[in-house]
Amino acid sequence: MITKKQKRILIVRTDRVGDTTYITPAIRELRRTFPNAFIATLTQPHTSKIFINNPHLNLILTDDLKEENFWKVVKEIRKHKFSHALMMFPTERAAYQLFLAGIPYRVGVGHILYEVITFMRSVSRNNYNPLRHEADYCLDLARKIGVVTDNIKLEIFVTEVEKKEAIEFLSSKGVKPTDKKIFIHSGSLGSAPNWSESKYFSITKKLLELLPDTNYKFVFTAREMSSDFIADLRKLNEKRIIIISDEISDLRDMIKVISQADVFLAPSTGPLHLADALGIKCVGIFCRRKVSSAKHHGVLNDKSINLEVSEENCKQFCSADQNTCGIEKGLSEEEVINTIIQLLNTK
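Residues numbered from 1 in each chain as written. Predicted model: local features only at pLDDT ≥ 70, side-chain atom pairs only at ≥ 80, totals over all residues. Heavy atoms only, no water.

Asker: Sorry if this is basic, but what is going on with the packing of helix α10 (residues 251–258) against helix α11 (residues 270–277) here?
Answerer: Working note: a packed helix pair is described by the angle between its axes plus the distance between those axes. Remark: α10 packs on α11, axes separated minimally by 10 Å, with the N-to-C direction vectors making an angle of 55°. Between α10 and α11, the interaxial angle falls into the category oblique. The two elements α10 and α11 meet at a crossing, and its hand is right-handed. When α10 is examined against α11, the residues L251, M254, I255 and I258 are found in contact with a partner set consisting of P271, L274 and A275. Looking at the contact of α10 with α11 residue by residue, the class counts come to seven nonpolar, no polar and no charged. (Axes fitted to C-alpha atoms, helices over the stretch in contact; angles between N-to-C directions. Helix = DSSP H or I, 4+ residues; strand = E, 2+ residues; numbered from the N terminus. Parallel < 35°, antiparallel > 145°, perpendicular 65-115°, else oblique. Left-handed = near helix turned anticlockwise from the far one by under 90°. Contact = heavy atoms within 4.5 Å. Nonpolar A, V, L, I, M, F, W, Y, C, P; charged D, E, K, R; others polar.)

Now the structure itself:
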């Protein structure tokens, strides 16, 4: 039943996987602050899988961003009579949808023309000064309507049934539940500075030598891996290398499988932030550049370690304006390998 006093809050983030994961703290803190509120999300269909089983949500809405479905989404939003909308990342499409859906209290980021035209309230990121984590910036919109918190811990909820499904899948690939599983996600689809595949190949060979026991398994997950990289991995003729990149197309299935990792290595990309939200021990590799740094996009759980190009190496290997990152030489293989082994040896 819809009452006039009940807050009905729609949280909107229709961009990438990792960025969508950043709104999970806002969802939790809104529920903590307004226990009787009706809380929903609007995301792309594939990223909506992040919110399955989330106990703080009443509804998950989606927008495929197709032009012909614009009004369909407006009508769906209007049907739920939201009192508040928090547009976590500025998009013109969402701004007009929220306005046309008749939501009275709408909050966006900045003072972009389409936000002004639609009479949207706003929060400012102040040109990222001082720099904070993206999840904290997302929380600013929840703070705008009364949330008081500094808790930016990410969270994704996986059921025991889902965990069992992941265990069975990995077992079919020769990975036992008792094995130490090192996940390596070598791709970023250009969303963040990253190592070359040759460097990932090099650390894989070194880890195989340093961790010779058969209970160490190396699971490769990036769908964007090149055929040459996959061929090189297979030439190692090592049964402990498991390539599942072409076998997981659904994001929820990826989440289930990642939940079984002991250590997860990746650049700043969606799967790294999924692993963070699942409480997995992560090794994240980061550029020093402001908007790509660990301070802005780093792993947040306290089991993990973010590795960032040092100031000294940045001066040596990055371009003077930092538009070209020297992460290839700026982060050493030894540093990453030692960090992986360190995490494997901690509870």
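Having seen it, we continue.
Asker: Sorry if this is basic, but what is going on with the sheet that holds strand β2 (residues 38–43) here?
Answerer: What holds strands together in a sheet is hydrogen bonding between their backbones, with the strands either parallel or antiparallel. Strand order in this open sheet of six strands is β3-β2-β1-β4-β5-β6, and the pairing throughout is parallel. Bordering the open sheet on either side are β3 (59–62) and β6 (121–123), each of which pairs with just one other strand. Averaged over all neighbouring strand pairs, the angle between strand axes comes to 20°, with direction disregarded. Pairing geometry for strand β1 (residues 8–12) and β2, over five bridges, is parallel. (Pairing = 2+ DSSP bridges.)

Asker: How should the packing of aromatic side chains be read in this particular structure?
Answerer: Two numbers describe a pair of aromatic rings. These are the distance of the centres and the angle of the planes. Under the criterion given, the structure shown has six aromatic pairs. With a centroid separation of 6.2 Å and 50° between ring planes, the pair formed by F38 and F82 is classed as tilted. Here F38 is found in strand β2, whereas its partner F82 is found in the loop between α3 (70–79) and β4 (84–87), with 44 residues between them in sequence. Like F82, F38 is buried. Between Y128 and Y137 the ring centres are 5.3 Å apart and the planes differ by 90°, which places this aromatic pair in the edge-to-face class. (Phe/Tyr/Trp six-rings, centres within 6.5 Å; stacked < 30°, edge-to-face > 60°. Buried < 20%, exposed > 50% of the residue type's maximum accessible area, 1.4 Å probe, protein only.)

Shape descriptors only; they carry no functional weight alone.
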